[in-house]
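Listed below, chain by chain, are the residues.
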Amino acid sequence: MSEADGDETDVRRAVVLDYLAHGLSDDGRPQYAKSPAGYAVGIEDFQLYQVAFDEEERLTIGSEVVVEPPAEREVVTGAHRVEYDDLSSGAQSELEYVVADLVEEHEERFVDFYNDAQPITLRLHQLNLLPGIGKKLRNSILDERKRKPFESFEELSDRVSGLHDPDQILVDRILEELRDDDLKYQTFVGRREQEQNQ
């Protein structure tokens, strides 16, 4: 692996949730001193960011930008992490659609979650953290994946009786992790940092 490949893994990309051409409303500076700002969600780890944008650039909701490291940024002039409650109402309403798009675009990664999920404790499995998955559905998923790993959400739905929207279940869990920062187990949000700390 070359140095360039190693650097690429440290680049954090995000999808714009809200673009405020006239800056943040709670910024006390005069209008002419404000730069465009907005909010974004990380593609890999679903971290939420408040972002300042280059005044020369015009972005739309759904645009992909680099938020970290600063040397790699092209249209972002500043970024810092925020909590769900810090997002604008526009960003909050857009978040579900962007997360759903990311799950769909990265289907293999999220299907692999169903293939690779492990027990957390003797009584709790990662699959049980997903909304609507109890013992019976969890055991059906585990039995089916022993036979053959799942390759798509459609195959997952077809092979596991009672599992109708495996992609939407993941979207719901990701949104739950974003909205409730007191959750004991974070499976998707902040995953990249958890892996780096191990």
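Check the entry above for the structure.
Residues numbered from 1 in each chain as written. Predicted model: local features only at pLDDT ≥ 70, side-chain atom pairs only at ≥ 80, totals over all residues. Heavy atoms only, no water.

Attention now goes to the nonpolar core. Residues Phe-46, Leu-95 and Tyr-114 are the most contacted members of the largest nonpolar core, which totals 42 residues. Sorting the residues of this core by element identifies strand S1 (12–20), strand S2 (37–42), helix H2 (89–105), helix H3 (107–116), helix H4 (135–147), helix H5 (153–159) and helix H6 (166–179) as the ones contributing at least two each. In terms of nonpolar packing, the next biggest core, distinct from the first, is built from twelve residues, Ala-40, Val-67, Val-75 and Val-76 among them. (Core = buried A, V, L, I, M, F, W, Y, C linked by side-chain atoms within 4.5 Å. Buried < 20%, exposed > 50% of the residue type's maximum accessible area, 1.4 Å probe, protein only. Helix = DSSP H or I, 4+ residues; strand = E, 2+ residues; numbered from the N terminus.)

Turning next to the sheet that holds S2. If you trace the five strands from one edge of the open sheet to the other, you get S4-S1-S2-S3-S5, paired in antiparallel fashion. Across the chains shown, the open sheet's two edge strands, defined by having one partner strand only, are strand S4 (64–68) and strand S5 (76–81). Each strand of the sheet is rotated relative to its neighbour by a mean of 40 degrees, with strand direction disregarded. Pairing of strand S3 (residues 48–53) with S5, which is carried by five bridges, proceeds in the antiparallel orientation. Paired with Tyr-49 across the bridge in S5 is Arg-81. Against the sheet, H2 makes contact with S1, S2 and S3, and its axis sits at roughly 145 degrees relative to S1, the strand it touches most. (Pairing = 2+ DSSP bridges. Axes fitted to C-alpha atoms, helices over the stretch in contact; angles between N-to-C directions. Contact = heavy atoms within 4.5 Å.)

Within the structure shown, the criterion is met by five aromatic pairs. When the centroid spacing of 5.4 Å and the interplanar angle of 45 degrees are considered together, the rings of Tyr-19 and Phe-53 count as tilted. Of this pair, Tyr-19 sits in strand S1 while Phe-53 sits in strand S3, and the two are 34 residues apart along the sequence. Owing to a relative accessible area of 15%, Tyr-19 belongs among the buried residues under this scheme. With centroids separated by 6.1 Å and ring planes inclined at 70 degrees, the aromatic side chains of Phe-113 and Tyr-114 adopt a geometry described as edge-to-face. Like Phe-113, the residue Tyr-114 is buried in the burial classification. Of the aromatic side chains, those joined through ring pairs into one cluster are Phe-46, Phe-110, Phe-113, Tyr-114 and Phe-188. (Phe/Tyr/Trp six-rings, centres within 6.5 Å; stacked < 30°, edge-to-face > 60°.)

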